Amino acid sequence: MGIASQDAIKQLSALVAEVDDSLKATFQKIHHGYPTETLVRFLKAREWSIPNAHKMLVDCLNWRIQNHIDDILAKPIIPADLYRGIRDSQLVGLSGYTKDGHPVFAIGVGLSTYDKASVSYYVQSHIQMNEYRDRVILPASTKKYGRHVATCVKVLDMTGLKLSALCQIKLLTIISTIDDLNYPEKTETYYIVNAPCIFSACWKVVKPLLQERTRRKVQILRGCGRDELLKIMDYASLPDFCKREGSGSSGHSSSGSDNCFSFDHHFHQQLYSYIKQQTLGRELVAPLKQGSFHVDVPEPDPKGVKIIKTTIESQLHKTGDRNVLSRSLSGLKIDIS
């Protein structure tokens, strides 16, 4: 790390030392014993601009306080059948680890339907996995490998992707905004596999949603990506949809406890049990109530939204799918109202 970078870290650290006590307490909860490395994440996210990194970090800490994010792992999604439905429609799971200890998260982009619960439940589940990753998974990997492990790898399966997926643009915008602003530099690389022909059209729509630093991390692999991914992880850590060509992320490729997307998989069982465990002391004060955990999300840049709308219109007019066009634009309009 150069002298300029070290100086930037010192200056940002000095600014953080001046924030009020509540923000300091929250900062201690997110750095997990690595304050310097956490400052570097925010500096990288703002191209090493100290004022911009400081504002981003303070905004993040305020967001966490205002939305009680430090308590979100004590807010289970109940009943369990509702959580099972979310897992069946928001295909995300931990398939293993890379050879140097980075957790490998498998994401079934093409076959996620997001139709079993409200948007707020999916957002809650996404944040809970982020928090469990940062509080439990990454510290455990750090301990095991004897060095600081602060990032994960994501493998995105595009099997079954259709233009109708653009109807979920509202939810995708919310999740990408949350991650960009509050969990910067937590993903090492995004590997895209099993991309069908329609992927290029969808990518043109999604790409403007991503920060430039995120776009640089995206690698589109040939086919199921097995050979490339085996360079960084063992076969056992490969997501099922990468183990053989054409397997995809369909629930039929593996089932029950062997399917990392399933509620029955050990990762999701451990996560759900952890959340329930965190609630034990609180249940003595007040019984758990059913209902989603509301989180405020900053509105997207109107100029960016206009670009996305124009891109959606362009791509869908080419296919002639006017029904998808109407639903996609409607969803995006709701997002900025």
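See the structure above.
Let us look at the structure shown here. Note that the structure is predicted; figures quoted are calculated from it, not measured.

**So, the side chain of Thr 151**
Now for step 1: Structurally, Thr 151 is set in the loop between α6 (119-145) and β3 (152-157).
Now for step 2: Setting aside chain neighbours within four positions, we find Thr 151 in contact with His 102, Pro 103, Leu 138, Glu 185, Lys 186, Thr 187 and Glu 188.

**Quick word on the pairing of strand β4 (residues 187-193)**
Now for step 1: Of all seven residues making up β4, six are buried, and the element is well covered by its neighbours.
Now for step 2: Looking at chain direction, β3 and β4 are connected through six bridges and run parallel. By the bridge assignment for β4, Leu 156 is matched with Ile 192.
Now for step 3: Here three bridges tie β4 to strand β5 (residues 218-220), and the two strands are oriented parallel to one another. The residue of β5 that forms the bridge with Ile 192 is Ile 220.

**A short note on the packing of aromatic side chains**
Now for step 1: Here the structure, examined in full by the defined rule, presents 10 aromatic pairs.
Now for step 2: Aromatic side chains Phe 241 and Phe 261 sit 6.2 Å apart centroid to centroid with 20° between the ring planes, which places their arrangement in the stacked category. Here the residue Phe 241 occupies a position in the loop between α10 (226-229) and α11 (266-283), and Phe 261 occupies one in the loop between α10 and α11, the gap between them amounting to 20 residues. Phe 261 shares its class with Phe 241; the two are buried.
Now for step 3: On the basis of an interplanar angle of 85° and a centroid distance of 5.2 Å, the ring pair of Phe 263 and Tyr 272 is categorised as edge-to-face.
Now for step 4: A residue is classified by how much of its surface remains accessible, and Tyr 272, at 7% relative accessible area, is buried.
Now for step 5: Through successive ring pairs, a cluster of aromatic residues spans Phe 105, Tyr 132, Phe 267 and Tyr 274.

**Here's the deal with the layout of surface pockets**
Now for step 1: Quantified by volume, the largest pocket comes out at close to 1200 Å³.
Now for step 2: Contributions of two or more residues to the lining of the largest pocket are made by β2 (103-108), α6, β3, α7 (169-182), β4, α8 (199-206) and α9 (212-215).
Now for step 3: Examining the composition of the lining of the largest pocket, we find that five residues originate from one element, α7, more than from any other.
Now for step 4: For the lining of the largest pocket, the class distribution of residues is 26 nonpolar, 12 polar and nine charged.

**Quick look at the environment of Asp 234**
Now for step 1: When you line up the elements, Asp 234 lands in the loop between α10 and α11.
Now for step 2: Judged by its relative accessible area of 48%, Asp 234 is partly exposed.
Now for step 3: A sequence separation of 136 residues divides Asp 234 from Thr 98, and the C-alpha atoms of the two residues are 7.1 Å apart.

**Considering the sheet that holds β3**
Now for step 1: Strand order in the open sheet formed by five strands is β1-β2-β3-β4-β5, with mixed pairing between adjacent strands. The sheet terminates laterally at β1 (92-97) and β5, the two strands that pair on one side only. Shown here is a sheet whose adjacent strand axes are inclined to one another by a mean of 25°, direction ignored.

What counts, and where the lines are drawn
- Residues numbered from 1 in each chain as written.
- Predicted model: local features only at pLDDT ≥ 70, side-chain atom pairs only at ≥ 80, totals over all residues.
- Heavy atoms only, no water.
- Helix = DSSP H or I, 4+ residues; strand = E, 2+ residues; numbered from the N terminus.
- Contact = heavy atoms within 4.5 Å.
- Buried < 20%, exposed > 50% of the residue type's maximum accessible area, 1.4 Å probe, protein only.
- Pairing = 2+ DSSP bridges.
- Phe/Tyr/Trp six-rings, centres within 6.5 Å; stacked < 30°, edge-to-face > 60°.
- 1 Å grid on protein atoms, 1.4 Å probe; cavity = no way out; pocket = protein on both sides within 12 Å on 5 of 7 lines; lining within 4 Å.
- Points joined across faces, edges and corners; volume = space filled by probe spheres on them.
- Nonpolar A, V, L, I, M, F, W, Y, C, P; charged D, E, K, R; others polar.
- Axes fitted to C-alpha atoms, helices over the stretch in contact; angles between N-to-C directions.

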